[in-house]
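# Analysis of the macromolecular model
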Amino acid sequence: MTMQKLLSKARQAIQDFDMIQDNDKIAVGLSGGKDSLTLLHILKNYQRFSPQKFELIAITLNPGGVDNSPLYKLCEDLDVEFHEVQTNIKEIVFDIRKEKNPCSLCANLRRGALNGTAKELGCTKVALGHHKDDAIETFLMSMLYEGRVNCFSPKTVMDKQDLTIIRPMIYIEEYMTKKATREYNYPVIENPCPADGHTNRQNIKELVQRLNKEMPGSKKNIFGALNNPDKLFIWDKEKIK
Ligand SMILES: Nc1ncnc2c1ncn2[C@@H]1O[C@H](COP(=O)(O)OP(=O)(O)OP(=O)(O)O)[C@@H](O)[C@H]1O
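Residues numbered from 1 in each chain as written. Predicted model: local features only at pLDDT ≥ 70, side-chain atom pairs only at ≥ 80, totals over all residues. Heavy atoms only, no water.

## Observations concerning the overall build of the protein chain
So the rule is basically this: Numbering goes from the N terminus for both helices and strands, where a helix is a DSSP run of H or I of at least four residues and a strand is a run of E of at least two. Based on C-alpha atoms, the radius of gyration is set beside the globule rule, defined as 2.2 Å times the residue count to the power 0.38. A 1.4 Å probe rolled over the protein chains alone gives each residue an accessible area, and that area as a share of the maximum for its type sets the label: buried under 20%, exposed over 50%, partly exposed in between. Contact criterion: two residues are considered in contact whenever any of their non-hydrogen atoms come within 4.5 Å of each other. To be clear on the numbers: accessible area is Shrake-Rupley with a 1.4 Å probe, and residue cover counts the displayed protein chains and nothing else.
A tally of helices and strands in the protein chain yields 10 helices and six strands. Here the C-alpha radius of gyration of the protein chain, 18 Å, is about what a compact globule of 241 residues would show, namely 18 Å. Over its C-alpha atoms, taken along the principal directions, the protein chain stretches across nearly 60 × 45 × 40 Å. Buried positions account for 43% of the 241 residues belonging to the protein chain. Considering only intrachain contacts with a sequence separation of at least 6, the fraction spanning at least 24 residues in the protein chain is 72%. For the protein chain, the accessible surface area stands at approximately 13,900 Å², while carbon and sulfur atoms represent 51% of it.

## Structural notes on the state of the cysteines
Just so we agree on the cut-off: Only a pair of cysteine sulfur atoms within 2.5 Å counts as a disulfide in this structure description.
Taken as a whole and judged by the stated rule, the model has zero disulfides. With no disulfide of its own, cysteine 103 has cysteine 193 as its nearest cysteine by sulfur position, at a separation of 6.2 Å. Of the residues examined, cysteine 103 reaches a relative accessible area of 39% and is grouped as partly exposed. A disulfide-free cysteine, cysteine 123 has its sulfur positioned 13 Å from the sulfur of cysteine 75, the nearest such atom.

## Some words on the packing of helix H6 (residues 132-146) against helix H8 (residues 200-214)
As a reminder, the rule being used: Inter-axis angles, ranging from 0 to 180 degrees, are taken between N-to-C directions of lines fitted to C-alpha atoms, where helices are fitted over the stretch in contact. In this scheme, roughly parallel covers angles under 35 degrees and roughly antiparallel covers those over 145, while 65 to 115 is roughly perpendicular and the rest are oblique. Note on residue classes: Ala, Val, Leu, Ile, Met, Phe, Trp, Tyr, Cys and Pro are nonpolar, Asp, Glu, Lys and Arg are charged, and everything else, Gly too, is polar.
Remark: H6 packs on H8, axes separated minimally by 9 Å, with the N-to-C direction vectors making an angle of 110°. If you check the angle between H6 and H8, you find them roughly perpendicular. Judged by residue contacts, Asp134, Ile136, Glu137, Thr138, Leu140, Met141, Leu144 and Tyr145 of H6 engage Asn200, Arg201, Asn203, Ile204, Lys205, Leu207 and Val208 from H8. Residue composition of the contact of H6 with H8, by class: eight nonpolar, three polar and four charged.

## Some words on the side chain of serine 142
Stated formally: Side-chain atoms alone can form a polar contact between residues adjacent in sequence; in general such a contact is a pair of N or O atoms within 3.5 Å, and within protein one must be able to donate a hydrogen while the other accepts it.
Locating serine 142 in the fold gives a position in helix H6. Since its relative accessible area comes to 4%, serine 142 is described here as buried. Here arginine 148 takes part through its backbone oxygen, which lies 2.9 Å from a polar atom of the side chain of serine 142. In contact with serine 142, other than residues within four places in its own chain, are Gly147, Arg148, Val149 and Asn150.

Written as structure tokens, this is what we have:
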């Protein structure tokens, strides 16, 4: 039942944003966390009835010293080609650069390594495990921490690299990926990040939970604002003067 619900929401997002074309070779960025594990299973299931025929592989970046052997086994069972890339991202971020706010450098390094590997392997698309709660949190974080109205896109065409990033889970709430992970016993790899649970994102996650408790529906409305056809550039001097 859970997989049916996940598939129906993912299919809606894939259709709404025209995420998959015939002959695509899609690399799932498989961190070993609950979200990307859920994404891999969704796309593997979706492949069976998708009107577009596409190839699916998985890429895992090892930030340094993580045992990803359960992911080899999983991909073998799912009959998905699997690539693990050894990196020294953890060392660069924490030991060499000693970053106080490590998330953005880490995300940039991961993005570069993941997209580069996908290109080398002949992929046309990279699928990431961002979900609806990630979108809400990112949207709020950009306002509260950066003073701008911004969020990642469900689909980003990267012209220079000739690669498109897709996020098929943007209509799926986080509790659903937790539920699927428990129900189907996905082999979660413990998050190796030393900052896990102590990040700005975690603060925002808790804020959204509090907000939604005190103002039921506010989470839905924040997400709705992302899809609202009204322009986000609210005080556009050129338009107003
Ligand atoms: N080490 C990695 N190797 C491959 N892909 C990754 C890796 N880390 C992150 N990604 C991809 O980027 C997405 C967003 O990364 P983020 O760190 O925000 O993960 P997350 O929200 O904790 O998700 P997950 O539960 O999949 O780890 C992941 O869902 C995954 O698709």
